[in-house]
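# Analysis of the macromolecular model
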Amino acid sequence: MATQIHDIKQISGSSMQWNLKVRVVRMWVMPDRFKPEIPYSIQLCLQDSKGDRIHASIRKYVLKFFRNKIHELRLYRMNYFVVGPNNLKLRTTTHHLRLTFTQKTFVEETNDPSFHMNIFNLRPFDNLRINKMSMRQNCVTKIWINSTLPQSTEFKSRLLAARPSNIERITQTSSQQSYSVRDELDKGIESSCWIAAELVSLELDRGWSYLACNKCSRKVDKVENKYICKKCNEDQFSCTHRYRLQVRVMDGTAFISLLLWNREAMQLIGRSAKELKESSLEVYYKTYFD
């Protein structure tokens, strides 16, 4: 049975198992901030057969698996990504999500003559907007000169016609054993461990704080103008906001959701839940975690 190919429009954050057939319409390397000669990540703009696009990132810890395996303008089948919000300051696509490669991401070059090469959004010169961003910010810009791509060839043909009549499978292997979140969870053994992971997103569907008892820190119930703590069996007229923050993290092989209580969340954010309640956690996340 043939594997189902998903459209980019179908991608959501509910799964990692998205099977894509996409063309790499743009690819560029982001250097390390402190060591510009060292690559920090590879950024990709992927386009499916319907012309929809999504941004993808290959971070530093998996760069060695893909750096020489993926090339601009080639067609690939890809599977297994971390899906997170597209909160980049410079958005290269209109899709609200973006993909992050892991060690488990499968990539295979393929050939499909029916898959178009229409990678340009051609428009009349008068409709172009003046880009006021600096070249450093506009790092996804690429200039094509005398391109032989089908779209540019067709465009030049139309211009000439308007003149007057008198004028490969790719897998990733490593000689070293990897130790990952997935390895630890697959053991099924209850234990304490440290996880070196990257924060991918905040899961705010169920909120991120609760009203807590000033004595025992348990959740209180509000009844009229009083707060009732079932553990202390007392009525209180004041309480405090405490963190109960769900986050999604990844270590290069998979991602998991972790629950951060008040102490851990304060260490991460640097502000109390009460202080943050007066502003917006979403705004704070976009400001400090992009």
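Further up the page is the structure itself.
All of the points below concern the structure found in this document. (Residues numbered from 1 in each chain as written. Predicted model: local features only at pLDDT ≥ 70, side-chain atom pairs only at ≥ 80, totals over all residues. Heavy atoms only, no water.)

### A look at the packing of aromatic side chains
By the definition in use, this model includes four aromatic pairs. Seen from their ring centres, Phe66 and Phe101 are 5.2 Å apart, and the 85 degrees between their planes marks the pair as edge-to-face. Separated by 35 residues along the polypeptide, Phe66 in helix H1 (residues 63-66) and Phe101 in the loop between strand E6 (97-100) and strand E7 (106-109) bring together distant segments of the chain. The exposure classification of Phe66 matches that of Phe101, with both residues buried. Measuring from centroid to centroid gives 5.9 Å for Trp208 and Tyr243, while their planes differ by 40 degrees, and the two rings are tilted. Linking Trp208 in the loop between strand E9 (198-203) and strand E10 (209-212) with Tyr243 in strand E14 (residues 240-250), this pair joins segments that are 35 residues apart in sequence. On the basis of relative accessibility, which here comes to 0%, the residue Tyr243 falls in the buried class. Taken together, the ring pairs in this structure connect Phe66, Phe81 and Phe101 into an aromatic cluster. Residue placement shows Lys277 over the ring face of Trp208; its charged tip is 5.1 Å from the ring centre. (Phe/Tyr/Trp six-rings, centres within 6.5 Å; stacked < 30°, edge-to-face > 60°. Helix = DSSP H or I, 4+ residues; strand = E, 2+ residues; numbered from the N terminus. Buried < 20%, exposed > 50% of the residue type's maximum accessible area, 1.4 Å probe, protein only. Lys NZ or Arg CZ within 6 Å of the ring centre and 35° of its normal.)

### Details of the sheet that holds strand E11 (residues 221-223)
Strand order in the open sheet made by the three strands is E11-E12-E13, with antiparallel pairing throughout. Every other strand in the sheet has two partners, leaving E11 and strand E13 (234-236) as the edge strands with one partner each. The sheet shows a mean angle of 35 degrees between the axes of neighbouring strands, direction not considered. As judged from the three bridges shared by E11 and strand E12 (residues 226-229), these two strands associate in the antiparallel manner. Paired with Val223 across the strands is Lys226, a residue of E12. (Pairing = 2+ DSSP bridges. Axes fitted to C-alpha atoms, helices over the stretch in contact; angles between N-to-C directions.)

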